[in-house]
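Structural description and commentary
Listed here are the chains, written in short residue letters.
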2 protein chains.
Amino acid sequence: MKVLGLITEYNPLHNGHIYHLNQALKLSRADYAVCVMSGNFIQRGEPAVIDKWARAKSALMSGIDLVIELPVIFAMSSAELFAYGAVKILDSLGVTDYVCFGSEHGRIEELERIASVLCSEPPPYREMLKEQLSKGLSYPVAREQALIRHFNETEGFGLNIEGIIRSSNNILGIEYIKTLKKLQSPIIPLTIPRIGNTYGTGYMTGSISSATAIRKYLSDNLHGLPGQGLKQVLPEASLEILAEEFAQGRGPIFSSSFEDILISIIRKMTSSQIREYPYVSEGLENRIKNAADESGSFEELVDAILTKRYTRTRIQRTLFCIMNSITAKDLNEFMAQGGPQYIRILGFNGKGRKLLSIIRRTASLPVIAKTSDFKNSTDACIRKMLALEAFSTDMYVLGYENAAFKKAGQEFTRNIIRLD
Amino acid sequence: MKVLGLITEYNPLHNGHIYHLNQALKLSRADYAVCVMSGNFIQRGEPAVIDKWARAKSALMSGIDLVIELPVIFAMSSAELFAYGAVKILDSLGVTDYVCFGSEHGRIEELERIASVLCSEPPPYREMLKEQLSKGLSYPVAREQALIRHFNETEGFGLNIEGIIRSSNNILGIEYIKTLKKLQSPIIPLTIPRIGNTYGTGYMTGSISSATAIRKYLSDNLHGLPGQGLKQVLPEASLEILAEEFAQGRGPIFSSSFEDILISIIRKMTSSQIREYPYVSEGLENRIKNAADESGSFEELVDAILTKRYTRTRIQRTLFCIMNSITAKDLNEFMAQGGPQYIRILGFNGKGRKLLSIIRRTASLPVIAKTSDFKNSTDACIRKMLALEAFSTDMYVLGYENAAFKKAGQEFTRNIIRLD
């Protein structure tokens, strides 16, 4: 029995994801496909366009056997923590043989070489990084510079290092490998070259389009169900589920769905309260506070905070952490506790149920199928992580248009998705 | 020179207000009409349907000479505090000869008799009140019961006490007179019987309709400018201003405009944080907290909090105090400091400017024409009251549809309304 692990957001699930899944199954010859999926908030610091239950269903209808949630703490975090959380969960299952990710580069050996440098941090690299940071560059940019100079000056071997580490999926992949090394995990990393639209491209073309382009299409065509334009880029199951969610008034959800909430919450806060949230330092709290005063929309809010030092993504993560009451202290405490505290099942099909019964014996973390059973867990870390997850859902549902679905507590009342 | 004072909300200004103003000028033979007007939040615990600058302009275009703001602390308060704040300001001008209010009853002597009982609190009345409160009745209901029994048993004189004190405008009027007595003010109270639709009636009929009916009409006809239906009940100036505000995307504003903001803010709070807000006691904090979890709309939120002990109005005031960060401590501190800390001018016409130059010499409180001059006042009470006003405006503007008008700080940047 071979188990393939994927790390996904499925926001929304599109033909590129189906291509990746099929290629990964072919490459790994695995019998089972498990995915660790972001919940209601994603790595770019945004709410997911439809909720995690709907996206888990799309995944199961498209060939995934078991969907596990990446807790919001990691899902809405830097590439490093995102990768750490997701890989740690795949590793903790005790059954995962492979993790297969899409990358622009497509060659695993070279990504592994870069990951090794990040893991071991040889002195020349470390000095370079320090130097770049002292210039006031953001951490991702400084690391990029340090890696480039390290490879060019120390161990080049003809590697097009610049080309590799400027692509976001290569970076995530490198982080996955880094975590595998750190955890001394037996999981074998595989990569498949990404095809079709480049990540982040704004327009839908051909049958494979980026999730960003698809979300842009949804945002530009708000009042109408997903139509002709989406048919060529989404598998039928995903399209059906989007249509159903929109018809119910549960989406599409965008960052702008929360703009009044975010602006009002920040206007009510003091700068020193804002300083308690992740990635806020060096006066960023004042920029955030002033930006909320000066802005009338989400876009204006982020634009008013932006500086050379902070990426848009990082700012958005901070904003949604503020909304979701996730503090820097929370993040640090969970990292001190080894990261993810549980394996939370969002859904499974028949095969997935079999696999789950095996995982229940092999897993090194508690398996949560029914969240309400863990609401009052005697383990404070489990309780806290689940409470933050539940609260972020309590906020997320306020983005629905239909008031009937805005009630809090859905983390404990929505059923696990079963596809038999 | 005779000066008439009115206490108004003009939410929005309608034919009934014009009738009242004309009758009051006739009755008092006054040369000047001054009004103390609620700002962006009104006594029923709701946001005003258009902002205070627009409503001040309506007032000036309809015959009022000088518009003074009732600070939000008093504007969104019980009849007692509302009346105290407004009458105190009229008194502090040093020029006001009359205050004239509309009442269902329409006979000033009998209202004065009731006010005297409330002022002196004779022992039988006080005992009755205590008895009723101990039964768990809300304060307004308990007071009503105590007054009824006091008058029926002690000094009846054929007064239809029940009929009088069950009407909201009679109650406000009685509170105005009570405050005049307490302040030993020389201002003479006058009353004019209200005509047309009863306060709070849901439908518009005839040429005089209640503000409630008009707001209901606006809410039912959201997407269209004020049309034919409003022409019969609003003076032209008021209609024009409403149309202009709606066209700009600055209204109409309803409680529901803030439902996501309110629900998200309360979901983020602990019960003990909620307990710091006005009128929250005896476990109401838990009801509010649970209601925010269970609700997806403003209506559901209020309905879920309602009990026999707390009126809808009182609950709404608490909710908007929470949104506006106005705590019970703030309220108590201002009352300990004698109530209003300043006379804040929202607008004037040519006559009003002349009157204002007189008031600058006679007033017993500082006169604020330019708020930015007082932002850093050395008087901490003035600074605080103005800061709360400014913050409630920072929240109110988030109710506008047009993002361009949602910026904070408008309390200090919007100009005084001049009508020459």
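First things first, this report covers the structure right here in the doc. (Residues numbered from 1 in each chain as written. Chains lettered and ligands numbered in written order. Predicted model: local features only at pLDDT ≥ 70, side-chain atom pairs only at ≥ 80, totals over all residues. Heavy atoms only, no water.)

**Looking at helix 15 (residues 284–294) of chain B**
Short version of the rule: When accessible area is computed with a 1.4 Å probe and restricted to protein chains, residues below 20% of their type maximum are described as buried, those above 50% as exposed, and intermediate ones as partly exposed. Secondary structure is summarised from DSSP: a helix means a run of H or I of at least four residues, a strand means a run of E of at least two, and numbering begins at the N terminus for each. Taking the helix axis as origin, the arc is that swept by the directions to the C-beta atoms.
Listed as buried for helix 15 of chain B are B:Leu284, B:Glu285, B:Ile288, B:Lys289, B:Ala291 and B:Ala292. Buried residues in helix 15 of chain B, looked at end-on, bunch into an arc of 165°, giving them a common side.

**A closer look at the nonpolar core**
Where we set the bar: Here, nonpolar core refers to any group of buried Ala, Val, Leu, Ile, Met, Phe, Trp, Tyr and Cys residues whose side-chain atoms link them within 4.5 Å. Here, two residues are considered to be in contact whenever any of their heavy atoms come within 4.5 Å of each other.
Core analysis: the largest hydrophobic core is formed by 213 residues, its most contacted members being A:Leu319 and B:Leu319. Look past the residues within four positions of B:Leu319 in its chain and what remains in contact with it is B:Leu262, B:Ile266, B:Ile288, B:Phe298, B:Leu301, B:Val302 and B:Ile305.

**What about the pairing of strand 5 (residues 66–70) of chain A?**
All names here are of chain A. Condition: Here, strands pair whenever DSSP counts at least two bridges between them.
Among the five residues that make up strand 5, five are buried, leaving the element largely enclosed by the rest of the structure. Judged by which residues are buried, strand 5 turns out to be covered on both faces: Leu-66, Ile-68 and Leu-70 on one side and Val-67 and Glu-69 on the other are all buried. Sheet topology note: the strand 2 (residues 32–38)/strand 5 ladder contains five bridges and is parallel. Directly across from Cys-35, in strand 5, lies its bridge partner Val-67. Two strands pair when backbone bridges link them, and strand 5 and strand 8 (residues 343–349) are joined in this way by four bridges, in the antiparallel orientation. Each bridged residue has a counterpart across the sheet, and for Val-67 the counterpart in strand 8 is Gly-347.

**Some details on the interface of chain B and chain A**
Note the following rule: Throughout, buried area stands for the accessible area (probe radius 1.4 Å) lost by two parts on being put together, summed over both. Within this document, salt bridges are pairs made up of a side-chain nitrogen of Lys or Arg and a carboxyl oxygen of Asp or Glu, the two lying within 4 Å of each other. Identification of polar contacts relies on pairs of N or O atoms within 3.5 Å, with a donor-acceptor requirement for protein atoms, meaning one able to donate a hydrogen and the other able to accept it, and with residues adjacent in sequence counted only if both atoms are side-chain atoms. Residue type decides the class: Asp, Glu, Lys and Arg count as charged, Ala, Val, Leu, Ile, Met, Phe, Trp, Tyr, Cys and Pro as nonpolar, and the leftover types, Gly among them, as polar.
Contacts between the two partners involve 27 residues from chain B and, on the opposite side, 26 residues from chain A. Summing both sides of the interface, chain B and chain A together bury roughly 2,000 Å²; the carbon and sulfur share of this comes to 55%. Three residues, B:Asp260, B:Arg267 and B:Lys268, lead the burial of chain B against chain A; their summed loss comes to 30% of the area buried on that side. Seen at the junction of chain B and chain A, the total is two salt bridges. Note that A:Asp260 is salt-bridged to B:Lys406, the shortest N-O span being 2.8 Å. Remark: the boundary between chain B and chain A carries 16 residue pairs in polar contact (both at pLDDT 80 or more). Looking at the side of chain B that touches chain A, the elements with two or more residues in it are helix 13 (259–268), helix 15, helix 17 (312–323) and helix 20 (380–396) of chain B. With seven residues, helix 13 of chain B is the single largest residue contributor to the side of chain B that touches chain A. A breakdown of the residues in the side of chain B that touches chain A according to their chemical character gives 12 nonpolar, six polar and nine charged.

**Description of the relation of the copies chain B and chain A**
Stated precisely, the cut-off is as follows: For the least-squares superposition of copies, only C-alpha atoms count, and only for residues with pLDDT at least 70 in both.
Superposing chain B onto chain A takes a rotation of 180° plus a shift of 0.0 Å along the axis, which leaves an RMSD of 0.0 Å. Those values place the two copies in the arrangement expected of a two-fold rotation axis. No C-alpha of chain B lies nearer the rotation axis than that of B:Ile261, which sits 2.5 Å from it. Residue by residue, 96% of the interface of chain B is reproduced at the interface of chain A, so both copies engage with the same surface.

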